[in-house]
Every structure is written in structure tokens, then in C-alpha cells.
Amino acid sequence: MIEESSLVAADAATVRRLIRAGERAGPTTGLALGYVQANLVILPESLAGDFLDYCNQNSQAMPVLDVTRPGDPHPRRVAPDADIRTDVPRYRVYRSGELEAEIVDITDLWGPDSVAFLLGCSFTAEAKLLQAGVRLRHIEIGKNVPMYRTNRLCAPSARFHGPLVVSMRPIQRDQVTIAEGVTARYPLAHGAPVQIGNPEELGIDLSHPDWGDNIEPNDDELPVFWACGVTPQAAIMVSRPELAITHAPGHMFITDLRDEAIERQTPPFTRRGS
């Protein structure tokens, strides 16, 4: 396997090639820093319009970066040379809302009516947080961020409904304002935190994440919560479509977009100059 440290400054295409070749299968936090990362949801074309409506109604949790044409596995807006079927480190397959498998290649499951949604991810802003001097302890210790279901419900669409999911990063108390300001510049990467320092307000027990690794804040840190792209997976588990494929939590698709391409952009995403 490739050393993690060698991939921090790698370009997105290089990391994707390693993933496709089976040489990199872990979480993507801290990889290809400076490139926009994305959450993935794949649904049949018959559900795509309604899911897009669900995303647009809950755009802080599910900001849309790209939607593929039915049957086309290439995200032509954000990474035209990539292949959705192979370029995510780990996928989850849900049937009728139940997790059936976690696999590294979905070529056999991709069909002529498959539509892939790429949704903004808070990993995108981590390079900017580090540049601003914000300590990200989960990167230092090589762990995935913890993710939690909350007591907040998303606005429903006709077919999809479910709770907001958040990711948590322990941030030093004297750096919270900086972290809030940096991430607010990236609405397409979930933007500013939805809650700071009070997990009880979200119905969360910090010691029991629903996804990711348990990382307890130190005495000089506060738990800071951002909307999370696992929110659609929670909706899939509640709404129970016949088949849905997603990334495994923390195992993102890395796009060719640089962070600057989405700075201060809001949904619906448009390229600068377009």
C-alpha cells in the first residue's frame, strides 16, 4: 500500500488511479489536499428527479456538484476522465434500505438507468483550515471523522426523508472562530458549522458515533459539528429504495476541482466564468 504522507500533496487524478488499481482503499481525509472531495449517491433514473429535489431542499447537507447522465459513469462536470464505478475507495450497497455489502468496485451493479450524484463534502475545506493554522487532530492521528445522526429532520421530498447527519471535529477553543470563518466560505462543502460545543442540542452522545471513529475532544477543545454528506445514506435507510449505492462513510470521490473553484459559491453550483 502507498504511504499516506505521499498522497497529501498528490493531485486528484493520481489518487484516483491508485484507488482504481486497488492500491488505496482507506478514508480520503487528508488526501489530495486542495481538491474538492464529494459524497456519492447512485440511484435508478426513476428516483433521480425526486432525489435531486430532496438535495435542493436540504442543500447545506447535500449541495449538488454534479449529476451524471443515465448510464454514463463519467462525472463530466467535475472529473471527466474519472469512472464512478471504480474511483471511490469503498462503496456501500443498500437494498430496500438495508446495507447488503461494502465493496471496492461496482462495475457489475452499474446499469443503463444508473444516475450518480456527487455532493459536497466537508473534507474539501480541510486544506484551508490547515493553512489557517487550525489543528485537525483526526488527520494527525490518522482517523476518520466521527459522524452522528441528529434529532433534526430534513425537509422531505415525495420519496425521501430522514435525519440530518453531522460530522464532528474537535477544534481548539481559541481556533473555533477561525474554523467557523474558513468553512463559511465554502457553502458547497457544507459551509459553516451547524452547532458548536453542545452535542446534546443535536441529540448526540459523543462517545457513540454512528459512523467513523470515536475521537473525544480534549479539555482545550470544543466539538464542532458540520452538516455531513452521509445524510442521504440515512435517508436511504429510512426511505428504502429498492437499490442504492453510496460511498462508504469517509471514503470520498476526489474531483478535479480545486477548492478555489467553489469558494463562496452556493447551490446550484456553476463554474466560474460560466
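Residues numbered from 1 in each chain as written. Predicted model: local features only at pLDDT ≥ 70, side-chain atom pairs only at ≥ 80, totals over all residues. Heavy atoms only, no water.

K.L.:
An account of the packing of aromatic side chains is needed here, citing residue identities and associated values.
P.N.:
Per the stated rule, a full pass over the model turns up 5 aromatic pairs. Ring geometry for F51 against F117: centres 4.9 Å apart, planes inclined by 75 degrees, an arrangement best described as edge-to-face. Of the two residues, F51 sits in helix α2 (residues 45–57) while F117 sits in strand β5 (residues 114–120), which places them 66 residues apart along the sequence. The burial state of F51 is the same as that of F117; both residues are buried. Taken together, a centroid distance of 6.4 Å and an interplanar angle of 70 degrees make the contact between Y148 and F225 edge-to-face. (Phe/Tyr/Trp six-rings, centres within 6.5 Å; stacked < 30°, edge-to-face > 60°. Helix = DSSP H or I, 4+ residues; strand = E, 2+ residues; numbered from the N terminus. Buried < 20%, exposed > 50% of the residue type's maximum accessible area, 1.4 Å probe, protein only.)

K.L.:
Hey, could you go over the nonpolar core for me, with residue numbers and the actual values?
P.N.:
F51, L119, V166 and F225 are the most contacted members of the largest nonpolar core, which totals 29 residues. Broken down by secondary-structure element, the contributors of at least two residues to this core are β1 (35–44), α2, β5, β7 (163–172), β9 (221–227) and α6 (231–239). Looking at which element gives the most residues to this core, the answer is α2, with 5 residues. Other than its neighbours up to four places away in sequence, L119 contacts Q37, A38, N39, V41, F51, C55, M62, P63, V64, L65 and P232. Within the second largest apolar cluster, 23 residues are counted, among which are A38, A82, I84 and A189. (Core = buried A, V, L, I, M, F, W, Y, C linked by side-chain atoms within 4.5 Å. Contact = heavy atoms within 4.5 Å.)

K.L.:
Can you explain empty space enclosed by the protein? Please cite residues and give values.
P.N.:
Considering all chains together, one arrives at 2 cavities of 30 Å³ or more under this definition. By volume, the largest cavity amounts to about 50 Å³. For the largest cavity, the full set of lining residues is N39, C121, S122, F123, V145, M147, S167, H190, C228, G229 and M252. Taken together, the residues of the lining of the largest cavity break down into 6 nonpolar, 5 polar and no charged. Taken as a whole, the second largest cavity encloses approximately 40 Å³ of empty space. S122, A125, L129, R169, T183, A189, G191 and W226 together form the lining of the second largest cavity. Grouping the constituent residues of the lining of the second largest cavity by class yields 4 nonpolar, 3 polar and 1 charged. (1 Å grid on protein atoms, 1.4 Å probe; cavity = no way out; pocket = protein on both sides within 12 Å on 5 of 7 lines; lining within 4 Å. Points joined across faces, edges and corners; volume = space filled by probe spheres on them. Nonpolar A, V, L, I, M, F, W, Y, C, P; charged D, E, K, R; others polar.)

K.L.:
Tell me about the pairing of strand β4 (residues 98–103), and name the residues and values.
P.N.:
Sheet analysis places strand β3 (residues 91–95) next to β4, joined by 5 bridges and oriented antiparallel. Among the inter-strand pairings, Y91 is bridged to a residue of β4, identified as I103. Between β3 and β4, which pair antiparallel in sequence order, lie 2 residues; one of them, S96, sits at a positive phi of approximately 50 degrees. (Pairing = 2+ DSSP bridges.)

K.L.:
Can you break down α2 residue by residue, with the values?
P.N.:
Spanning 13 residues, α2 covers 19 Å between terminal C-alpha atoms, matching the ideal 18 Å at 1.5 Å per step. Every buried residue belonging to α2 is among L47, A48, D50, F51, Y54 and C55, and all of these are buried. Those residues of α2 that are buried lie in contact with β1, β2 (64–67), β5 and α6. (Expected span 1.5 Å × (residues − 1).)

K.L.:
Explain the sheet that holds β9 to me, using residue names and the numbers behind them.
P.N.:
Spatially, 4 strands are ordered β6-β7-β9-β8 in an open sheet, and the strand pairing comes out antiparallel. Unpaired on one side and paired on the other, β6 (147–153) and β8 (195–196) mark the two borders of the sheet. Pairing analysis gives 7 bridges linking β7 to β9, with the strands arranged antiparallel. The partner of M168 across the bridge, within β9, is F225. Packed on one face of the sheet, helix α5 (residues 176–184) meets β7, β8 and β9 and runs near 15 degrees to β9. (Axes fitted to C-alpha atoms, helices over the stretch in contact; angles between N-to-C directions.)

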